[in-house]
Amino acid sequence: DIDGVGHKYCLELELEDVLDKDRTVSCTAEVLYPLGSKTSAPDVQVTVQGELRSTEEADQEFYNRIRSLEKELVAENIPDSHGNVPPELEPIHLLASVASGYVIWQNSTENTKFHLAQVKHVKQVKRSDEDLQFDFVVLLHEMVSQEVLPWELTLLWHPQRGARVSRD
Amino acid sequence: MRLLVLLAALVAVATCTETFVGHQVLRVVPKSDEELQKVQELQDLEHLQLDFWLAPRGLGLPIDIRVPFRSLQQVKVHLESNGISYSIMIEDVQALLDEEQTQMLRSSRQLPLNTNTFNYETYHTLDEIHNFIDLLVAENPNLVSKLEIGRSTENRPLYVLKFSTGGTNRPAIWIDTGIHSREWVTQASGIWFAKKIVEDHANNEGVASILETMDILLEIVTNPDGFAFTHTTNRMWRKTRSKHSGSICVGVDPNRNWDAGFGDAGASGNPCTETYHGPYANSEPEVKSIVDFVKSHGNIKAFISIHSYSQLLLYPYGYTETPAPDQQELHELSAKAVNALSSLYGTKYKYGSIITTIYRASGSSVDWTYNQGIKYSFTFELRDTGRYGFLLPAKQIVPTAEETWLALKVIIEHARDNTY
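From a predicted model like this one, the values you see are computed outputs, not experimental measurements. (Residues numbered from 1 in each chain as written. Chains lettered and ligands numbered in written order. Predicted model: local features only at pLDDT ≥ 70, side-chain atom pairs only at ≥ 80, totals over all residues. Heavy atoms only, no water.)

Asks: I keep staring at the overall build of chain A and nothing clicks. Help me out?
Replies: Looking only at helices and strands, chain A features 2 helices and 8 strands. If you list the helices and strands of chain A from N to C, you get β-β-β-α-β-α-β-β-β-β. Oriented by its inertia axes, the alpha-carbon framework of chain A measures out at about 55 × 35 × 35 Å. Put simply, chain A has 168 residues, and 36% of those count as buried. Considering only residue pairs separated by 6 or more positions, chain A has 48% of its internal contacts joining residues 24 or more positions apart. Within chain A, the 30 negative side-chain charges are centred at a point lying 6 Å from the centre of the 16 positive side-chain charges. (Helix = DSSP H or I, 4+ residues; strand = E, 2+ residues; numbered from the N terminus. Buried < 20%, exposed > 50% of the residue type's maximum accessible area, 1.4 Å probe, protein only. Contact = heavy atoms within 4.5 Å. Lys, Arg positive; Asp, Glu negative; His and termini not counted. Charge placed at Lys NZ, Arg CZ, Asp CG, Glu CD.)

This is how it looks when you write it as structure tokens:
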């Protein structure tokens, strides 16, 4: 409890690689939830102890594949009702998770717990610069209220520059 | 086409013991009376075991013959040496049957012939589940019966499977899946549990010994209206489909509608929310029918409600922080059950009371059943922890059901061994 400021949590976490369950990395974090009903995101400071696996090759492959598409990528319902994700859309699913992570962070309080439930719609937007742009409509599931909330967001991604959410 | 009808008939036969490996179907179109006669001669050679799918009828009309593997050479020599041309319509009858069987089980929505050919590794529609239930009962009339305990808001039947080896009103275990319709891995697991109970009984292992003294009651689709809605319209639908006056919004959260802390904090009074408790306790027929059944049965010893997702095993209470009187026993039993579950695939579960482990929730089923005196009241939250959430890939259905079953057995056995 920090008087007049908010609630601070000190955490020791283990990150598990979603694509490689045996791979874990420890990290520590400090999360400060601000007081009051202001809708501002919690402040987060993270230190990762160890290395995250390099995905350079796969990133570049995906980047080249999308850049060379004749028509902009469009897809719906990832995963579908049965939990299927076509292999070529798996990276899109992962990017949506990343983008959702940002939105979730911006909208979290001590009384919320969000997960990405589904990518309802994704549309690639061709750009004149080097970034890939994906416009998403995602469904976020909030555990306490059990609500499933649609959210529009735009993600920019580049193999070296990484992911940025430009509209949330 | 006649060919397909005959193929289908062969499939029925093929599921027994006969094999058609290497059999071929040959077609001859006789161009002369002599050719016709030569083929008709083949019909008299019984040892060839020929099966005429299209018998000789006249000139220019095709003759189709299924030829067993060991007769192939003889038949072909007979035709060729008489200058009769033929074509091979089917090169290997068995291969075609196998392919068709696989397709029927996989992508086609045709109804399976029995619970052995039913596909447990995919999600099913309400009709398919009803069909499964009827097949299971028909195959095991001395063990399984189907009870209709009521009707949903949209007048769908509410079916409970009763597994019993006899007696009168034996102490019983209740399991329900699918009370929240979007939690598809739960109904799918319920189907698997039903088959597992029957198998254990047939093999005299697992829960066979339980069934000597107790009954098992299983409601697979506890919220059929919601379930149908997740198939036709909105995969993320959770509630029932009732309309209560005063709101355009539809549906009540069936797990906030029970008479335990009804309307208290931990549920919503807003009809447009996912945790709307409804206008009054038991307003939902899906809930009331279970309440009436439990009360009139009077001898249920364990009540287990199955949900997804989060990988948790929970016991009362959700509506109050006051610990349940049997907290210690329930906590220890949970530890044992979770241990058993994890032993199979390493799936990690947390456990504890609802309010301390997940969130405050009022009007939940197990809080009511516990207050009715059903000591072993538990809620499961199955796989996963959020990566796929409600959209759990179908290939995880069976592993999820298998590991959950181990935990259920721990609870069931404890209930049997600790009578009250």
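Asks: Could you clarify how one ought to interpret the UniProt feature "active site" (unreviewed entry) in chain B in this entry?
Replies: All names here are of chain B. The feature "active site" (unreviewed entry), as annotated in UniProt, sits at Glu 381 in this numbering. Examined against the element boundaries, Glu 381 turns out to sit in strand S12 (residues 376–382). On the basis of relative accessibility, which here comes to 9%, the residue Glu 381 falls in the buried class. (UniProt positions renumbered as here; feature names shortened; annotations may be inferred.)

Asks: Can you walk me through the environment of B:Glu154 in this structure?
Replies: All names here are of chain B. Mapped onto the secondary structure, Glu 154 falls in the loop between strand S5 (144–151) and strand S6 (157–163). Here the alpha-carbon distance between Glu 154 and Gly 226, two residues 72 residues apart in the chain, equals 9.8 Å. For Glu 154, the contacting residues outside a window of four places in its chain are Asp 225 and Arg 241. Within the local environment of Glu 154, its side chain forms a polar contact with the side chain of Arg 156, the two groups lying 2.7 Å apart. (Polar contact = N/O pair within 3.5 Å; in protein donor to acceptor, adjacent residues only side chain to side chain.)

Asks: What exactly am I supposed to notice about the pattern of salt bridges here?
Replies: A pair can form between side chains of opposite charge whenever their charged atoms are brought close. Considering all chains together, one arrives at 25 salt bridges over all chains under this definition. One salt bridge in this structure joins A:Glu130 and A:Arg67, with 3.9 Å as the shortest N-O distance. Residue A:Glu130 is found in the loop between strand S5 (114–125) and strand S6 (132–142), and its partner A:Arg67 is found in helix H1 (residues 56–67); the two are separated by 63 residues along the sequence. Judged by relative accessible area, A:Glu130 falls into the partly exposed class, the value being 44%. When the shortest N-O distance is used, the salt bridge between B:Asp417 and B:Arg416 registers 2.9 Å. Judged by relative accessible area, which is 53%, B:Asp417 ranks as exposed. When its relative accessible area of 26% is taken as the criterion, B:Arg416 is described as partly exposed. Each of A:Asp131, A:Arg161 and A:Arg164 takes part in one network of salt bridges that share partners. (Salt bridge = Lys/Arg side-chain N within 4 Å of Asp/Glu carboxyl O.)

Asks: Where do I start with the state of the cysteines in this structure?
Replies: By definition, a disulfide links the sulfur atoms of two cysteines through a covalent bond. Enumeration according to the criterion identifies 1 disulfide over all chains in this entry. The partner cysteine of B:Cys249 in its disulfide is B:Cys272, sulfur to sulfur 2.0 Å. When the S-S torsion is 95°, as for the bridge of B:Cys249 with B:Cys272, the disulfide is right-handed. Residue B:Cys249 is found in the loop between helix H8 (224–232) and helix H9 (285–297), and its partner B:Cys272 is found in the loop between H8 and H9; the two are separated by 23 residues along the sequence. Taking the relative accessible area as the measure of exposure, B:Cys249 reaches 21% and is therefore partly exposed. Sulfur of A:Cys10: no disulfide; nearest cysteine sulfur belongs to A:Cys27 and is 13 Å away. Residue classification places A:Cys10 among the exposed residues on the basis of a relative accessible area of 62%. (Disulfide = S-S within 2.5 Å.)

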